[in-house]
Amino acid sequence: MTNGPILYTKHKHWLNRLLLIIASLVIFSVSAQQEVHFKVVDQFGAPVANAVVSTDGASLDSAETTAVMDQINKQFAPHVLVVQKGQSVRFPNSDDIRHHIYSFSQPKPFEIRLFKGEESIPVTFDQPGVVVLGCNIHDQMIGYIYIADNELTTVTNENGEATLHTRATEFNIWQAQLSSSHSERLHLTRDASDIGLQKVTLSLLEERKAHVKQRKFSRKFTSGDP
């Protein structure tokens, strides 16, 4: 009985040392990576938003986490949503009108018929690629779900800027206007000794409405919102 507190103190001492070692290893692992900054512009020098930069590496996003693609002011929000293969997405409708979401894209054709609020059931995206979203009621609603194949990813902001923490030198860049199929990616090799800003110029197609098939269903609602 008299040895109890002494043993407890010893165990606590070793436990503290073990936690300190683990914390040091984590800090070393993070610091060993580089902050790779990207600046993406188009052929006219204008910043390009919503470009997905990806490379090999474990994603910080878990496939078990459900992502969200909202609908706000008759637009998909965000315009480009990045998920990992096997991840599910909720489609809450924050507008005060009904939407009818669908996609014919090969990685995941699906349809969510007229709904409001939180009525929709999450959709699981289990194949890598790009899914183009449309609304069967509101033609101006176009959105994209980029399904990463267990990659490390980031998305450029309105200034065309994005950052990745990695030691990789090989990257892929996707943007919806890179090709009419919305599926092509540009491959980029970075000089590991160059720690400056990585400037990337994309030759983009003229922005236009993505090609999404319309159904006879929408004709019933051409006179106004349902």
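Please refer to the structure higher up on the page.
Residues numbered from 1 in each chain as written. Predicted model: local features only at pLDDT ≥ 70, side-chain atom pairs only at ≥ 80, totals over all residues. Heavy atoms only, no water.

Asker: So what exactly am I meant to see when it comes to the sheet that holds strand E15 (residues 170-174) here?
Answerer: Hydrogen bonding along the main chain pairs the strands of a sheet, whether they run parallel or antiparallel. Taken in spatial order, the 4 strands line up as E13-E2-E15-E16 in an open sheet, and their pairing is antiparallel. Where the open sheet ends on each side, the last strands, each with one partner, are strand E13 (151-155) and strand E16 (185-189). Each neighbouring strand pair of the sheet contributes to a mean axis angle of 25 degrees, computed without reference to strand direction. (Pairing = 2+ DSSP bridges. Helix = DSSP H or I, 4+ residues; strand = E, 2+ residues; numbered from the N terminus. Axes fitted to C-alpha atoms, helices over the stretch in contact; angles between N-to-C directions.)

Asker: What am I meant to see in the packing of aromatic side chains here?
Answerer: In this description, a pair of aromatic rings is defined by centroid distance and the angle of the planes. All told, the structure shown has 6 aromatic pairs when counted by the stated rule. Geometrically, the ring pair formed by Phe 38 and Phe 171 is edge-to-face, given 5.0 Å between the ring centres and 75 degrees between the ring planes. With a gap of 133 residues between them, Phe 38 in strand E1 (residues 34-42) and Phe 171 in strand E15 connect regions that are remote in the sequence. With a relative accessible area of 0%, Phe 171 lands in the buried category. With a centroid separation of 5.4 Å and 70 degrees between ring planes, the pair formed by Tyr 102 and Phe 104 is classed as edge-to-face. Grouped by ring-pair contacts, the aromatic residues Phe 91, Phe 110 and Phe 125 constitute a single cluster. (Phe/Tyr/Trp six-rings, centres within 6.5 Å; stacked < 30°, edge-to-face > 60°. Buried < 20%, exposed > 50% of the residue type's maximum accessible area, 1.4 Å probe, protein only.)

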